[in-house]
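For reference, the chains in residue letters:
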Number of protein chains: 2
Amino acid sequence: MELHEPELREVPVTAVLAALADDVRLQIVRALAPGGEHACGSFEFGVSKATRSHHLKVLREAGLTRTRVAGTTRYVRLRREELDRLYPGLLDAVLAERGGVA
Amino acid sequence: MELHEPELREVPVTAVLAALADDVRLQIVRALAPGGEHACGSFEFGVSKATRSHHLKVLREAGLTRTRVAGTTRYVRLRREELDRLYPGLLDAVLAERGGVA
DNA sequence: GAGCTTGTTCGACGGTTGTCGAACATGGGT
DNA sequence: ACCCATGTTCGACAACCGTCGAACAAGCTC
């Protein structure tokens, strides 16, 4: 299992933004934001596990998360430091609980 | 001509991010970032005027730009203050020239 | 008014994306 | 060894998106 995790510098900005521009993925990022690892299965938004797996892959390949394999479970965490270094303010702006949504 | 320009608070975050997650639109935002008004026709990226019109509409309806009509030409500008107030750091992070792309 | 310029709207097209169930892979338990 | 749990991958399908040319609308100038 290759676990393809790109260097953040090599990911186009538009790909990072596109990865964040989805409701389910944003929920995942919000859940991850406080820090620490989460088992993939711990995300219970109303989607099938196939869909959840897909979203986690998108996040990983956009350079937003890192995944550790431990037995049959996989633990995900936000690459916060790298993100804050490369895109200072991005995560804070996006995660701010104030609002958005109609 | 209605010129539908929503309140930024009422636009879902994902819509703002989706609007920025496109190469052509990001180029437009970068051109607008220094400030001031630009005529729609002044954007010469390799797309037809139909496509350009479409992208400007997406930006406007995501609350990112404001448009002033003057005769047959339309002038566009970034809603920078509102964006910086609601999403501090977002624009700076996204516009930073360092970057992205392989 | 004729004609030009600027920009929008209308299909249409092809590609991408989100979603799912089903099948598969892997690694524990007992 | 068998079963169960956790995830991934594989079609498939519908919806959406970026793109275009063509038609249209509105305003300016002669």
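Per chain, residue numbering runs from 1 following the sequence as it is written. Starting at A for chains and at 1 for ligands, labels are handed out in the order in which the entities are written. The model is predicted, so local features are restricted to residues of pLDDT at least 70 and side-chain atom pairs to those at 80 or more, both for listing and for counting; the totals for chains, interfaces and linings are taken over all residues. Side-chain numbers here rest on the full set of heavy atoms in the structure, without hydrogens or water.

Visitor: How would you summarise the relation of the copies chain B and chain A if you had to cite specific residues and measurements?
Guide: Overlaid copies result from least-squares superposition on C-alpha atoms, with residues included only where pLDDT is at least 70 in both. Expressed as a screw operation, the relation of chain B to chain A combines 0.0 Å of axial shift with a rotation of 180°, fitting to an RMSD of 0.0 Å. Here the symmetry operator amounts to a two-fold rotation axis. Looking at the rotation axis and the C-alpha trace of chain B, the residue lying nearest is G89(B), at 2.1 Å.

Visitor: Give me the lowdown on the environment of T65(A), citing residues and values where you can.
Guide: Residues and elements named next belong to chain A. As for its position among the elements, T65 is in strand β2 (residues 65–70). Each residue is assigned to one of three classes by its accessible area relative to the maximum for its type, calculated with a 1.4 Å probe on protein chains only: buried under 20%, partly exposed between the two thresholds, exposed over 50%. Overall, the relative accessible area of 0% leaves T65 in the buried class. In sequence terms T65 and R80 are 15 residues apart; their C-alpha atoms lie 8.3 Å from each other. Residues count as neighbours in contact if any of their non-hydrogen atoms are within 4.5 Å of one another. What T65 contacts, discounting residues up to four positions off in sequence, is E5, L32, L56, L59, R60, V76, R77, L78 and R79. Here a polar contact is taken to be a pair of N or O atoms separated by no more than 3.5 Å, where protein atoms must pair a possible hydrogen donor with a possible acceptor and residues adjacent in sequence count only if both atoms sit in side chains. In this structure the side chain of T65 is engaged in a polar contact, spanning 3.4 Å, whose partner is the backbone nitrogen of R60. Secondary structure counts use DSSP, requiring at least four H or I residues in a row for a helix and at least two E residues in a row for a strand, with both numbered from the N terminus.

Visitor: I'd love a proper account of the packing of aromatic side chains, names of residues and values included.
Guide: Geometry of aromatic contacts follows a simple scheme: Phe, Tyr and Trp rings, the Trp one being its six-membered ring, pair when their centres are within 6.5 Å, and the pair is stacked under 30 degrees between planes, edge-to-face over 60, tilted otherwise. Using the criterion set out here, one finds two aromatic pairs over all chains in the structure. Their ring planes at 20° and their centres at 6.2 Å tell us that F43(A) and F45(A) sit as a pair that is stacked.

Visitor: Outline the sheet that holds strand β2 (residues 65–70) of chain B, listing residues and values.
Guide: Residues and elements named next belong to chain B. One open sheet holds the three strands; their spatial order is β1-β3-β2, and the pairing between them is antiparallel. Looking at the sheet topology across the chains shown, the edges are occupied by β1 (38–39) and β2. Two strands form a pair only when DSSP identifies at least two bridges running between them. Direction of pairing for β1 relative to strand β3 (residues 73–78): antiparallel, over a ladder of two bridges. Residue A39 lies in a different strand from β3, and its bridge partner there is Y75. Helix-sheet contacts for helix α2 (residues 23–32) involve β1, β2 and β3, and the interaxial angle to β3 is about 80°. The convention used is that axes are lines fitted to C-alpha atoms, helices contributing only their stretch in contact, and that angles between N-to-C directions extend from 0 to 180 degrees.

Visitor: Give me the protein's contact with DNA strand D: which residues, what numbers.
Guide: Taken together, 21 residues surround DNA strand D, and among them G41(A), S53(A), R25(B), S48(B) and H55(B) come closest. Residues are classed as near a molecule or strand on a simple rule: at least one heavy atom within 4 Å of it. Here DNA strand D approaches the protein such that, of its atoms within 4 Å, sugar and phosphate make up 71%. Measuring from a phosphate oxygen of DNA strand D, one finds a backbone N or O atom of C40(A) at 3.4 Å. Elements with a contribution of two residues or more to the surface near DNA strand D: α3 (49–61) and β3 (73–78) of chain A together with α3 (49–61) of chain B. For the surface near DNA strand D, the element with the most residues is α3(B), which contributes four residues. Looking at the surface near DNA strand D residue by residue, the class counts come to six nonpolar, 11 polar and four charged. We call Asp, Glu, Lys and Arg charged. Ala, Val, Leu, Ile, Met, Phe, Trp, Tyr, Cys and Pro are nonpolar, and the rest, Gly among them, are polar.

Visitor: Run through the sheet that holds strand β1 (residues 38–39) of chain A, naming residues and quoting values.
Guide: All names here are of chain A. The strand order across the open sheet built from three strands is β1-β3-β2, with neighbouring strands paired in antiparallel fashion. Every other strand in the sheet has two partners, leaving β1 and β2 as the edge strands with one partner each. As paired strands, β2 and β3 are joined by six bridges and run antiparallel to one another. Counterpart to T67 in the pairing with β3 is V76. Along the sheet, helix α2 (residues 23–32) makes contact with β1, β2 and β3, crossing β3 at roughly 80°.

Visitor: Please provide a residue-by-residue account of the interface of chain B and chain A, values included.
Guide: Contacts between chain B and chain A engage 24 residues on the former and 24 residues on the latter. Summed over both partners, the accessible area lost on bringing two parts together, with a 1.4 Å probe, is the buried area. Counting the surface lost from both chain B and chain A, the interface buries some 1800 Å², and carbon and sulfur atoms represent 71% of this. We define a salt bridge as a side-chain nitrogen of Lys or Arg found within 4 Å of a carboxyl oxygen belonging to Asp or Glu. Run the count over chain B and chain A and you get zero salt bridges. For the interface between chain B and chain A, the tally reads zero residue pairs in polar contact (both at pLDDT 80 or more). Only α1 (13–20), α2 and α5 (90–95) of chain B provide two or more residues apiece to the side of chain B that touches chain A. It is α1(B) that provides the largest number of residues to the side of chain B that touches chain A, a total of five residues. Split into classes, the residues belonging to the side of chain B that touches chain A amount to 16 nonpolar, three polar and five charged.

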